[in-house]
Every structure is written in C-alpha cells, then in structure tokens.
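Close look at the chain arrangement
Residues per chain are reported as follows:
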Amino acid sequence: MERLTIQTSPIDGQKPGTSGLRKKTRVFMGRHYLENFVQAIWDGIGGVAGKTLVLGGDGRYFNDRAAQIILRMAAASDAARVIVGQNGLLSTPAASNLIRKRGTDGGIILSASHNPGGIDEDFGIKFNTPNGGPAPADVTERMFAASREITEYAIIETHDIDLARLGETDLAGMVVEVVDPVADYVTLMEQLFDFDRLRALFAGGFRMRFDAMHAITGPYATAILEEALGAPPGTVVNGMPSPDFGGGHPDPNPIWAKDLMDVMMGDDAPDFGAASDGDGDRNMIVGRGAYVTPSDSLAVLAAHAQLAPGYAGGLAGVARSMPTSRALDRVAAARGLDCYETPTGWKFFGNLLDAGKITLCGEESAGTGSDHVREKDGVWAVLLWLSILAGTGRSVAEILAAHWAEFGRNYYSRHDYEAVDSDAANGLMEALRARLPELPGQSFENLVIAAADEFAYDDPVDGSRAEAQGLRIDFDGGARVVMRLSGTGTEGATLRVYLEALELDPAKQHEDPQAALAPVIAAADALAGITARTGRTAPDVRT
Ligand code: G16
C-alpha cells in the first residue's frame with residue numbers, strides 16, 4: 001500500500017447547499033471532483049488524524065466507488081477508524097444514530113436524498129458533526145473555503161476493501177469496521193416505541209403498505225415492520241435498494257409515490273400507507289382515502305406523541321421550519337409548549353435539540369423527527385403514527401378530522417417550479433423583496449396583506465444569525481404565502497411557493513386543498529408575477 005500525494009487545483013462550485021454538496025453524478029465522477037471535496041471536508045474539520053468517522057450512503061449509483069475513495073483518503077490522512085455500513089449502506093437517520101451511539105467525531109453520508117439516482121442523475125455528500133446532525137454553516141463555509149485553496153490531497157493506493165463482510169480490517173493503519181446498517185437502528189426504535197403493542201395491532205388484522213421506493217429504507221422497514229412487528233410479508237413494497245431507485249424518483253409525495261396513493265385511494269385500501277425517500281429521512285403518511293400533508297403530520301405527532309413510551313413524559317418544546325404550515329403552532333399554543341421557527345434545513349434544529357429546548361420538529365418537505373437522532377427520520381415517523389393509531393383506535397381520516405375540529409385546519413400546499421432559468425428566478429425574488437416594505441395594507445385577490453418581510457433567524461442557543469431565508473407575506477385571517485429558492489436542486493433554480501390558509505369552521509375543513517387555497521394561489525401569482533417572469537403557467541410539483 002502506497003500513500004500518494006496528488007496535485008490538484010480548486011474546482012468551482014463546491015459550496016454545500018441546504019444539505020451538503022449535491023451535483024450531477026457525472027460531475028462527482030469527474031477528475032479530482034470527489035477527492036477535492038473530501039480533502040476540503042478534512043480541512044474544514046481540522047483534519048482527521050486520530051479520529052473515528054461513520055460512513056454510509058443510500059446506495060445510489062457511485063455510492064460504492066465513492067465509499068472506497070473516502071476510506072482510502074481517510075487512511076491516508078491518518079484517521080483511526082471508519083465505521084461503515086455493510087456494502088457502504090446506511091440510511092441518514094441510522095448514520096446519525098451510529099455517530100451518536102459510538103461517540104464518533106462525525107460522519108459522511110453519501111446521498112442526494114429524494115433526487116433521482118443514476119449516472120445521469122444526482123449524487124451528493126455531506127458531513128455530519130459529532131452530535132449526529134448536518135454540519136452547521138460555519139463548518140460548511142470552512143469546507144467551501146478549503147475547496148477554493150486546495151493544491152493537493154492524500155490517498156492510499158490499494159485494492160478495494162471488502163465492504164460486504166462484517167468485521168474489522170486494516171487499511172494502512174486505519175481500522176475499517178463494517179457493521180450491520182440496520183441492527184443499531186432497530187434497537188433505538190425498540191427503546192422509543194412499544195413493540196408489543198404494535199405487534200398486537202398487526203395481529204388484530206391491521207393492514208399497511210410501506211413503499212420503500214427502491215431506496216434505503218427497504219431493509220429497515222422489512223426488519224421492523226415485517227420481522228419484528230409481524231406485519232404480513234408484502235407489507236413493504238419496492239423494498240430492495242437499487243442504484244437508480246428502480247428508475248424512479250425516490251421522493252415520497254403524492255406525485256412520485258403515485259402507486260401508493262392509488263392503492264390508498266382505492267376500494268380495498270389498507271388501513272395505513274407510508275413511503276420514505278432515497279436516504280430514509282423523509283416520509284409520506286396516507287390513510288385509507290386520506291392524504292396527510294407533512295405539516296399536518298407534524299402537528300398530529302406533536303398532539304399525540306405521548307402515546308409512545310419514548311415521549312410519555314411530554315415534550316420539551318417543538319419547532320418547524322419557517323415555510324412549514326403553522327398547524328404546529330396551534331397545537332403548541334393549546335398545550336403550552338414553546339414553538340420555534342427556524343430556516344429551511346435540518347441543521348437549524350440541531351442546537352435546539354442539543355440544548356433540550358425541543359423534543360419534536362419537522363418540515364413541510366416531508367421531514368419529521370425528534371431528539372432521538374439529529375436528522376429527520378422516515379421510519380421513526382411511521383412508527384409514531386402507528387403508535388397513535390394503536391393508542392387512539394381511530395383511523396387516519398378520523399384523527400385528521402378530530403385534529404382540525406380541535407385546532408383548526410391549516411390548508412397547505414407547496415408549488416414548485418423546477419429548473420427555472422436562474423436569472424429569471426433571482427429577478428423574481430429581488431423584485432418582490434424590493435416591494436416588501438410597501439405591501440402591508442395592499443390587497444391582492446381580495447386578500448389584505450397584514451405583514452411582509454424577509455425571514456432571518458437568530459439562533460437562541462449560539463446567537464448565530466442566518467439571513468435571507470425566504471420572503472413571507474401574511475394576509476388578514478391567517479393565510480400566508482412564502483417564497484424561496486431551493487438549496488438542493490442541481491439544475492437551474494427551483495422556485496418554491498408555499499401556500500397556507502386557516503379554516504376554523506369544521507363544516508369547511510374538508511375541501512380539496514387546491515380549491516380552498518385558490519385565492520392565495522392567485523394572490524401569489526399577482527404578487528410575484530410568476531407566469532410573466534418564468535414563462536411557466538403551472539407548477540411542476542404540487543405537494
Ligand atoms: C433537505 C434538508 C431539509 C429541507 C429540504 C428541502 O432535505 O435537510 O431541511 O427542507 O432539503 O430544502 P430546499 O427547499 O432548500 O430544497 P433532504 O431530504 O433533501 O436532505
């Protein structure tokens with residue numbers, strides 16, 4: 001084995017976004033691209049000499065090659081140990097759990113989350129800090145700065161390490177420890193949830209369909225739902241991870257999980273349906289004939305969390321990302337809980353969780369989680385929903401109806417305009433930003449603007465400030481439009497328009513959300529000139 005020092009030079013654009021560095025796979029496969037960024041990670045965290053890291057990914061195309069390169073680079077920079085999921089696989093929440101449980105110096109997760117995989121699709125890499133959570137901005141900025149000054153990187157020249165075999169091997173003085181990617185995660189879930197009770201639910205004939213979308217949660221869901229809880233074989237569908245996710249788009253929403261939606265809206269629908277994304281941190285929840293928006297799901301989980309043993313003692317507080325609907329706030333107000341509003345990005349929950357200010361948090365982008373790890377967690381959300389279904393004896397539709405009757409319904413939808421010309425998208429945002437001060441008092445489509453601002457966040461724990469986190473326009477009566485540009489796309493710009501309207505009258509809480517939101521949708525277009533500026537007459541995705 002030879003330690004090589006390879007001369008290189010900076011590559012443009014290695015700036016981590018909302019969740020690590022995401023690019024087209026072919027970009028990552030380009031000469032020095034991955035190596036430069038991995039070296040930048042080492043430099044950004046003060047080197048890896050003597051450190052222990054976790055490594056794993058969602059199994060997408062290039063995961064296996066990237067894992068080998070990272071191991072050889074870690075060894076060349078004198079890391080002590082890397083704990084790798086078997087075959088280089090780990091779901092994002094399982095990686096977060098391992099980082100915490102083993103007390104490591106952090107970990108690397110290979111994923112572009114819900115983005116499609118394949119040689120012509122997307123790849124990604126992110127670093128999680130020793131608390132198990134995504135690196136905060138100061139750390140990713142150091143990585144970006146290092147990527148702009150890089151002149152060389154170190155790598156061990158050797159044959160591939162066998163990542164299929166559990167156990168330890170030596171790589172130039174570094175221990176490579178290959179672990180079962182599922183086992184520790186199952187143990188954690190057993191600590192939070194009453195598996196006996198959930199077993200009894202399935203034994204009583206409860207039917208469920210979990211769509212793993214050919215992504216990483218297949219093995220986790222099979223081990224927990226079918227093997228540990230006794231759900232019938234076939235409960236988990238598309239359970240075998242594949243490098244291109246079966247040619248699909250592993251994004252658990254009604255568009256990309258349409259098969260599941262069709263089953264759940266059909267005549268013989270199971271009691272409960274769920275899906276998770278590429279790396280297992282997102283979730284979609286759907287009952288028989290009842291889709292649950294991620295924002296509503298978060299609010300329902302907060303209202304009923306005590307039905308699971310892990311949360312029986314109550315919640316310290318809750319948090320949501322700013323664009324997430326304010327359904328959570330209504331639960332928090334009624335229950336006397338602190339409720340924090342953070343920018344988009346799971347990393348912003350980290351300090352609140354570490355400081356014990358919150359127990360539960362979530363986002364409109366199909367992520368919910370708690371203080372059990374420092375990532376959102378798809379399978380965990382499913383188990384908490386199952387605990388609520390078992391504990392209340394109600395159906396998903398009944399739980400939703402009761403929730404809205406008690407707290408009001410925050411009708412909600414997100415409209416995405418994808419791969420928009422970047423200049424057009426930036427121009428739209430700039431023009432709207434410039435008009436914010438004059439908007440209060442004006443009316444659009446008969447909705448009167450109560451307040452308009454650009455969201456900035458002051459972290460209550462470390463005092464750091466994050467600016468320019470989205471434009472928000474509040475209307476009288478509880479409706480709201482938020483606009484921001486995505487930080488996870490890999491092509492042009494993605495304009496996200498978040499739409500919300502509050503309905504307190506139970507008689508009006510069962511409309512189609514797009515119809516209920518029609519005036520807010522029209523007001524958003526009138527405010528920002530979406531069609532005029534982007535040339536788009538309809539969004540690509542409506543969640
Ligand atoms: C990531 C972040 C989430 C964020 C989502 C969408 O999720 O972890 O916090 O809500 O991206 O971000 P954006 O609106 O900037 O595209 P994931 O599941 O893609 O890792």
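Just so it is clear, the structure is predicted and the values come from calculations on it, not from any experiment.

All right, on to the site of the ligand then. Looking at the ligand, there are 19 residues lining it, with E363, R484, S486, T488 and R496 nearest. S113 is positioned such that a nitrogen or oxygen atom in its side chain is 2.7 Å from an oxygen atom of the ligand. Surface burial for the ligand is 99%, taken as the share of its 460 Å² of free accessible area covered by protein chains.

Within the fold, D459 resides in the loop between β22 (457-458) and β23 (465-466). Exposure remark for D459: the relative accessible area of 7% places this residue in the buried category. C-alpha of D459 to C-alpha of F349: the two residues are 110 residues apart in sequence and 9.5 Å apart in space. Aside from chain neighbours lying at most four places away, what touches D459 is N351 and S464. Engagement of the side chain of D459 in a polar contact is seen with the backbone nitrogen of D462, the distance being 3.1 Å.

Moving on to the state of the cysteines. Taken as a whole and assessed by the stated rule, the structure comprises zero disulfides. Unpaired in this structure, C339 has its nearest cysteine sulfur neighbour in C361, at a distance of 11 Å. The exposure class of C361 is buried, given its relative accessible area of 0%.

Looking now at the pairing of strand β16 (residues 338-342). Where strand β15 (residues 317-321) and β16 come together, five bridges link them in parallel fashion. Its bridge partner lying in β16, G317 is registered against D338. Taken together, β15, helix α11 (residues 327-335) and β16 form a β-α-β motif whose crossover is right-handed.

Before going further, it helps to spend a moment on the pattern of salt bridges. If charged atoms from side chains of opposite charge come close, those side chains can pair. Applying the stated rule across the entire model yields 35 salt bridges. A salt bridge links D160 to R65; its shortest N-O distance comes to 2.9 Å. Taken together, the positions of D160 in the loop between β7 (152-157) and β8 (167-171) and R65 in helix α3 (residues 63-76) put the pair 95 residues apart, joining distant regions of the chain. The partner of K126 in a salt bridge is E375, with the nearest N and O atoms 2.7 Å apart. Of this pair, K126 sits in strand β6 (residues 122-128) while E375 is found in the loop between β18 (367-370) and α13 (378-392), placing the two residues 249 residues apart along the sequence. The exposure class assigned to E375 is buried, which follows from its relative accessible area of 1%. The network of salt bridges with shared partners includes R320, R326, D329, E341, D453, R472, D474, R480 and E500.

Let's shift gears to the sheet that holds strand β9 (residues 174-179). Strand order across the open sheet formed by seven strands is β2-β6-β5-β3-β4-β9-β8, with mixed pairing between neighbours. With one partner strand each, in any of the chains shown, β2 (21-24) and β8 form the two edges of the open sheet. Pairs of neighbouring strands in the sheet enclose a mean axial angle of 20°, with direction left out of account.

On to the pairing of strand β17 (residues 360-363), then. Of the two faces of β17, the one carrying L360 and G362 and the one carrying C361 and E363 are both buried. In the sheet, β17 pairs with β18 via four bridges, with the strands oriented antiparallel. Considered in β18, the bridge of L360 is made with S370.

What follows deals with the domain arrangement of the protein chain. The domains assigned to the protein chain are domain 1 (2-180), domain 2 (185-407) and domain 3 (409-542). Here the C-alpha centre of domain 3 lies 26 Å away from the C-alpha centre of domain 2. Of the residues lining the interface, 30 residues belong to domain 2; the matching set on domain 3 comes to 28 residues. The largest per-residue losses of area from domain 2 upon contact with domain 3 belong to M322, R326 and W404, which jointly make up 28% of the total buried on that side. Counting the contacts that link domain 2 with domain 3 gives five salt bridges. Between R326 and E500 there is a salt bridge whose closest N-O contact spans 3.5 Å. In this assembly, domain 2 and domain 3 are joined by twelve residue pairs in polar contact (both at pLDDT 80 or more).

Among all positions in helix α7 (residues 195-203), only F195, L198, L201 and F202 are buried. Projected onto a plane normal to the axis of α7, the buried residues spread over an arc of 110° and lie on a single side. α7 presents D196 and A203 as exposed residues on the side facing more than 90 degrees away from its buried surface. Those residues of α7 that are buried are in contact with α6 (183-192), β10 (208-211), α8 (217-228) and α13. Capping of α7 at its N-terminal end is provided by D194; its side-chain oxygen lies 3.2 Å from the backbone amide nitrogen of D196. Once α7 finishes, G205 follows within two positions and takes phi at roughly 100°, a positive value.

Okay, the packing of α8 against α13 next. Contact pair α8 / α13: the axes reach a minimum separation of 11 Å and the direction vectors enclose 30°. One finds that α8 runs roughly parallel with respect to α13. Between α8 and α13 lies a crossing whose hand is right-handed. Residues T217, Y220, I224 and L225 of α8 lie in contact with α13, whose contacting residues are V379, L383 and L386. Classifying every residue of the contact of α8 with α13 by side-chain character gives six nonpolar, one polar and no charged.

Each value, and the rule that gives it
- Residues numbered from 1 in each chain as written.
- Predicted model: local features only at pLDDT ≥ 70, side-chain atom pairs only at ≥ 80, totals over all residues.
- Heavy atoms only, no water.
- Near = heavy atom within 4 Å.
- Polar contact = N/O pair within 3.5 Å; in protein donor to acceptor, adjacent residues only side chain to side chain.
- Areas by Shrake-Rupley, 256 points an atom, 1.4 Å probe, with all protein chains shown as cover.
- Helix = DSSP H or I, 4+ residues; strand = E, 2+ residues; numbered from the N terminus.
- Buried < 20%, exposed > 50% of the residue type's maximum accessible area, 1.4 Å probe, protein only.
- Contact = heavy atoms within 4.5 Å.
- Disulfide = S-S within 2.5 Å.
- Pairing = 2+ DSSP bridges.
- Right-handed = clockwise from strand over helix to strand, strands pointing away.
- Salt bridge = Lys/Arg side-chain N within 4 Å of Asp/Glu carboxyl O.
- Axes fitted to C-alpha atoms, helices over the stretch in contact; angles between N-to-C directions.
- Domains from an automatic or database assignment.
- Buried area = accessible area lost by both parts, 1.4 Å probe.
- Arc of directions from axis to C-beta.
- Parallel < 35°, antiparallel > 145°, perpendicular 65-115°, else oblique.
- Left-handed = near helix turned anticlockwise from the far one by under 90°.
- Nonpolar A, V, L, I, M, F, W, Y, C, P; charged D, E, K, R; others polar.

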